[in-house]
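Next come the chains, spelled out residue by residue.
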Amino acid sequence: MDIALARTFLMIAETGSFIEAARRMNITQSTVSSRVRNLESLLGRQLFERSKVGAQITPAGEQFQKHALAMVRVWQQAQLDVGFSGQHDQHLAVGAEAALWQGLLISWIANLKADYPELALTAVTDTGPMLTQRLLDGTLDVAVVYQPLQSPGLLIEHLFEEELVLVSGGRGDARRRTDDYILVDWGPDFREDHAIAFPKRAGARLTLDIGPLAIDYVLNSEGSGYLPYRLVRGHLSRGRLKLVARARRFSVPVGALYPEAREESEFAPILDSLRARVARLA
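Residues numbered from 1 in each chain as written. Predicted model: local features only at pLDDT ≥ 70, side-chain atom pairs only at ≥ 80, totals over all residues. Heavy atoms only, no water.

Within the chain one finds 10 helices and 11 strands. The C-alpha extent of the chain, read off along each of the three principal axes, is 65 × 55 × 30 Å. When the 282 residues of the chain are sorted by exposure, 45% land in the buried category. If you take every contact in the chain between residues at least 6 apart in sequence, the share linking residues at least 24 apart comes to 72%. (Helix = DSSP H or I, 4+ residues; strand = E, 2+ residues; numbered from the N terminus. Buried < 20%, exposed > 50% of the residue type's maximum accessible area, 1.4 Å probe, protein only. Contact = heavy atoms within 4.5 Å.)

As structure tokens, this is what we get:
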């Protein structure tokens, strides 16, 4: 299948409009319509319901969407790998959740770049489930995530426990309103433990699922929230943040996911380098 068909389908699904998809892709609306007809002919199903207000994706379209995303990712990775051939002997694609790049994996990538001049590197940020899917698609070599889940064909290696502590910013607890608490989403196990420990805080006015954003928010507000100790200890020592006294602490496992089938002689030094970087957290 022409990859342009998948790209066009995804653009319509994103914009909800054949006209807007054509504008963004810099092609004619008739070309968009023709591509959709070709795709629907190949799949034998209608993918969009068209109306005066736009294009609504059908149940068949929703089923195809995840496969279209995978096809585009695989194609992009193929282009990247082919582009690197002849310039670098090897290519490593690493993915991680946002908070794990900060203070940990960025420095690991820098070490790899210095230690392996023949290695080309690609680093991406996404959610744990999306990174896992990209490993299964073959567009990632290793992912570092919170609470990794077992999937066929992938191995999980426990790296460390992320300690989450309750910290506050601004002018201190005495002036804080009850709605200044920020619920930072560190995964399903944390959400469950948090709900049991703090049932009245389950409906916090502000929920953030990107850790670094939560750190910036707490630093510049009078709010409080659970953040990784490794990321806030410098702010604590400088007095920019405060530990909330006698607050419960939580722990979230961090693991590396990588394929069972791999070239061990090439991959083992990469994993050893990651383990060495994690060991320096202690």
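Below, the discussion takes up helix α3 (residues 29–43). In an α-helix, one turn spans 3.6 residues; hence positions three or four apart end up facing the same way. Its 15 residues place the ends of α3 21 Å apart at the C-alpha level, agreeing with the 21 Å of an ideal helix rising 1.5 Å per residue. Turning to α3, its buried residues number three or more, namely V32, S33, V36, L39 and E40. Taken end-on, α3 shows its buried residues confined to a sector of 125 degrees, consistent with a single buried face. Of the exposed residues in α3, those oriented more than 90 degrees away from the buried face are S30, R37, S41 and L42. Downstream of α3 by a residue or two, G44 has a phi angle that is positive, lying close to 75 degrees. (Expected span 1.5 Å × (residues − 1). Arc of directions from axis to C-beta.)

Glancing now at the pattern of salt bridges. Counted under the stated rule, the structure contains 8 salt bridges. The shortest N-O distance in the salt bridge between R191 and D185 comes to 2.8 Å. Using a relative accessible area of 23% as the deciding quantity, one classes D185 as partly exposed. Within the structure, one salt-bridge network assembled from shared partners comprises E14, E20, R23 and R24. (Salt bridge = Lys/Arg side-chain N within 4 Å of Asp/Glu carboxyl O.)

This part takes up the layout of surface pockets. Where empty space is left can be seen by rolling a probe of water-molecule size over the atoms. Taken as a whole, the largest pocket holds about 530 Å³ of empty space. In terms of lining, the largest pocket is formed by 22 residues, of which the most central are E97, T127, G128, P129 and G187. Those elements that provide at least two residues to the lining of the largest pocket are α5 (98–115), α6 (128–137), β5 (142–146) and α7 (188–197). Here the lining of the largest pocket takes 3 residues from α6, the largest share from any one element. (1 Å grid on protein atoms, 1.4 Å probe; cavity = no way out; pocket = protein on both sides within 12 Å on 5 of 7 lines; lining within 4 Å. Points joined across faces, edges and corners; volume = space filled by probe spheres on them.)

In summary, soluble globular proteins display a tendency toward joint burial of nonpolar side chains. In terms of nonpolar packing, the biggest core is built from 51 residues, with L105, W108, W186, Y226 and L227 touching the most fellow members. Sorting elements by how many residues they give to this core places α5 first, with 8 residues. Judged by nonpolar contacts, the second largest core, of 20 residues, contains I12, A22, L47 and A68. (Core = buried A, V, L, I, M, F, W, Y, C linked by side-chain atoms within 4.5 Å.)

Time to look at the environment of L42. Structurally, L42 can be placed in helix α3. For L42, a relative accessible area of 58% translates into the label exposed. For the pair L42 and R240, spaced 198 residues apart in sequence, the C-alpha separation works out to 59 Å.

This part takes up the packing of aromatic side chains. In the structure shown here, the tally under the stated rule is 10 aromatic pairs. An angle of 45 degrees between the planes, with centres 5.3 Å apart, marks the rings of F9 and F48 as tilted. Note that F9 is positioned in helix α1 (residues 3–15) and F48 in strand β1 (residues 48–51), a separation of 39 residues in sequence. As far as the burial class goes, F9 and F48 line up, both buried. (Phe/Tyr/Trp six-rings, centres within 6.5 Å; stacked < 30°, edge-to-face > 60°.)

This is a description of form; function is not addressed.
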